[in-house]
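Observations on the three-dimensional arrangement
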Amino acid sequence: MICAELSRDEIAALPFEFARTARLARDGGFGGVEIHAAHGFLISQFLSPLFNRRTDDYGGSIAGRMRLLLEVVGAVRAAVGPDFPVGLKLNSSDQLEGGLDAEDALSVIAALDGTELDLIDISGGTYFPGARSASDSGGKGPYFVDFAMRARAVTTKPLMATGGFKTLGQAEEAVAGGAVDLVGMARALALEPSLPSLWQTRHVANPAFPSFTDPPEGGVTAWYTMRLTEIGEDCGLSTTDDLRAALETYKARDKKRTEIWLRRF
Ligand SMILES: Cc1cc2nc3c(=O)[nH]c(=O)nc-3n(C[C@H](O)[C@H](O)[C@H](O)COP(=O)(O)O)c2cc1C
């Protein structure tokens, strides 16, 4: 894969783009924003020694690789004011050979302690062919709680972990054990959107997670994406567990969206 290097002017413009988007979200009535520095997206690529081959002060050591992130956090906070919640989603590890590792991630968390962030959301994995991603992984329980415990030692910021939570018991244990202050969930909410209220009223209904044997890469995420589409369209849960079919539907839907996008822009 060959990538173009961003110019210094392009990098200088980035914090303001994040800041403008955060302000739009605030003015549009959102309750907070989460800066995405995980999963292989742009800031995550800057953090990663695998993707970031720059030789200027935005590359090299972890201090250089996190420079853009710190500038983005500062610009977002300045744009939304002191009272608007600003969180950040960060990889504990890219789960890619040569990518961001746990030691580097801890250095980033330590540096974020000196910023005006309200929350650090710990995740991991990368949306990249052949790599593991958080929404495609299976398993019985949460993935990032142990790392969150290590993060506690280097920051005073509230911590959240997102990935693999399936039951109220797991969520309560992560909080009661002191690893995190909050629990983030994606797939559980795609199965049961009112889960937080159910759990709050102690109507403990743990969602029935489908189990897939030998899923193709991206298949699980595609299945949940189509589930979200069903929720959006207000129709019932489809019973298909054919992940290859889900991938095809997902790709076809994206292709249609891309055509609309290209026509318009
Ligand atoms: C349908 C679906 C779409 C997702 N899309 C994205 C995405 O576009 N970008 C991203 O960084 N994470 C995405 N995620 C990952 C989630 O935010 C979350 O980190 C991951 O699913 C692990 O949490 P969970 O075990 O509670 O699902 C997606 C997850 C699902 C299920």
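Quantities reported herein were computed from a predicted structural model and do not represent experimental measurements. (Residues numbered from 1 in each chain as written. Predicted model: local features only at pLDDT ≥ 70, side-chain atom pairs only at ≥ 80, totals over all residues. Heavy atoms only, no water.)

**Describing the pattern of salt bridges**
Inspection of the entire model under this criterion finds 12 salt bridges. A salt bridge links aspartate 104 to arginine 65; its shortest N-O distance comes to 3.1 Å. Here the residue aspartate 104 occupies a position in helix α5 (residues 102-112), and arginine 65 occupies one in helix α3 (residues 62-65), the gap between them amounting to 39 residues. Linking lysine 255 and glutamate 259 is a salt bridge whose minimum nitrogen-to-oxygen distance equals 3.9 Å. Of this pair, lysine 255 and glutamate 259 both sit in helix α11 (residues 243-264), 4 residues apart, which is roughly one turn of the helix. The exposed category is assigned to lysine 255, whose relative accessible area is 55%. We classify glutamate 259 as partly exposed; its relative accessible area is 41%. (Salt bridge = Lys/Arg side-chain N within 4 Å of Asp/Glu carboxyl O. Helix = DSSP H or I, 4+ residues; strand = E, 2+ residues; numbered from the N terminus. Buried < 20%, exposed > 50% of the residue type's maximum accessible area, 1.4 Å probe, protein only.)

**What about the nonpolar core?**
Residues Ile35, Leu47, Leu69, Leu88, Val108, Leu112 and Ile122 are the most contacted members of the largest nonpolar core, which totals 49 residues. Here this core takes 6 residues from helix α4 (residues 67-80), the largest share from any one element. Filtering out sequence-adjacent residues up to four positions away, leucine 112 remains in contact with Leu69, Leu70, Val73, Leu88, Leu117, Ile120 and Lys157. Membership of the second largest hydrophobic core comes to 8 residues, among which are Leu191, Phe212, Trp223 and Ala246. (Core = buried A, V, L, I, M, F, W, Y, C linked by side-chain atoms within 4.5 Å. Contact = heavy atoms within 4.5 Å.)

**Side note on α4**
Spanning 14 residues, α4 covers 20 Å between terminal C-alpha atoms, matching the ideal 20 Å at 1.5 Å per step. When we look at burial in α4, the residues that qualify are Leu68, Leu69, Val72, Val73, Ala75, Val76, Arg77, Ala79 and Val80. Where α4 is buried, its residues touch α1 (8-27), β1 (33-37), α2 (42-47), β2 (86-91) and α5. A positive backbone phi angle near 85° is found at glycine 81, which sits one or two residues after α4. (Expected span 1.5 Å × (residues − 1).)

**Quick look at the site of the ligand**
As a matter of local geometry, the ligand sits amid 18 residues, with His36, His39, Gly164, Ala186 and Arg187 nearest to it. Note that a nitrogen atom of the ligand is positioned 3.1 Å from one of the side-chain N or O atoms of tyrosine 127. Glycine 164 places a main-chain nitrogen or oxygen 2.6 Å from an oxygen atom of the ligand. For the ligand, whose free accessible area comes to 610 Å², the fraction covered by protein is 80%. Broken down by element, the residue count for the shell around the ligand peaks at 4 residues, all from helix α10 (residues 219-232). Class assignment for the residues of the shell around the ligand results in 7 nonpolar, 9 polar and 2 charged. Here the shell around the ligand gathers at least three residues from each of two domains, domain 1 (8-185) and domain 2 (210-265). (Near = heavy atom within 4 Å. Polar contact = N/O pair within 3.5 Å; in protein donor to acceptor, adjacent residues only side chain to side chain. Areas by Shrake-Rupley, 256 points an atom, 1.4 Å probe, with all protein chains shown as cover. Nonpolar A, V, L, I, M, F, W, Y, C, P; charged D, E, K, R; others polar. Domains from an automatic or database assignment.)

**What to know about the sheet that holds β1**
What the 5 strands build is an open sheet, ordered β1-β2-β3-β4-β5; its pairing is parallel. At either margin of the open sheet sits one strand with a lone partner, and together these are β1 and β5 (182-184). The average angle at which neighbouring strand axes cross in this sheet is 25°, direction not considered. Bridge count for strand β4 (residues 159-162) against β5 is 3 bridges, and the pairing is parallel. Note that in β5 the partner of threonine 162 across the bridge is glycine 184. (Pairing = 2+ DSSP bridges. Axes fitted to C-alpha atoms, helices over the stretch in contact; angles between N-to-C directions.)

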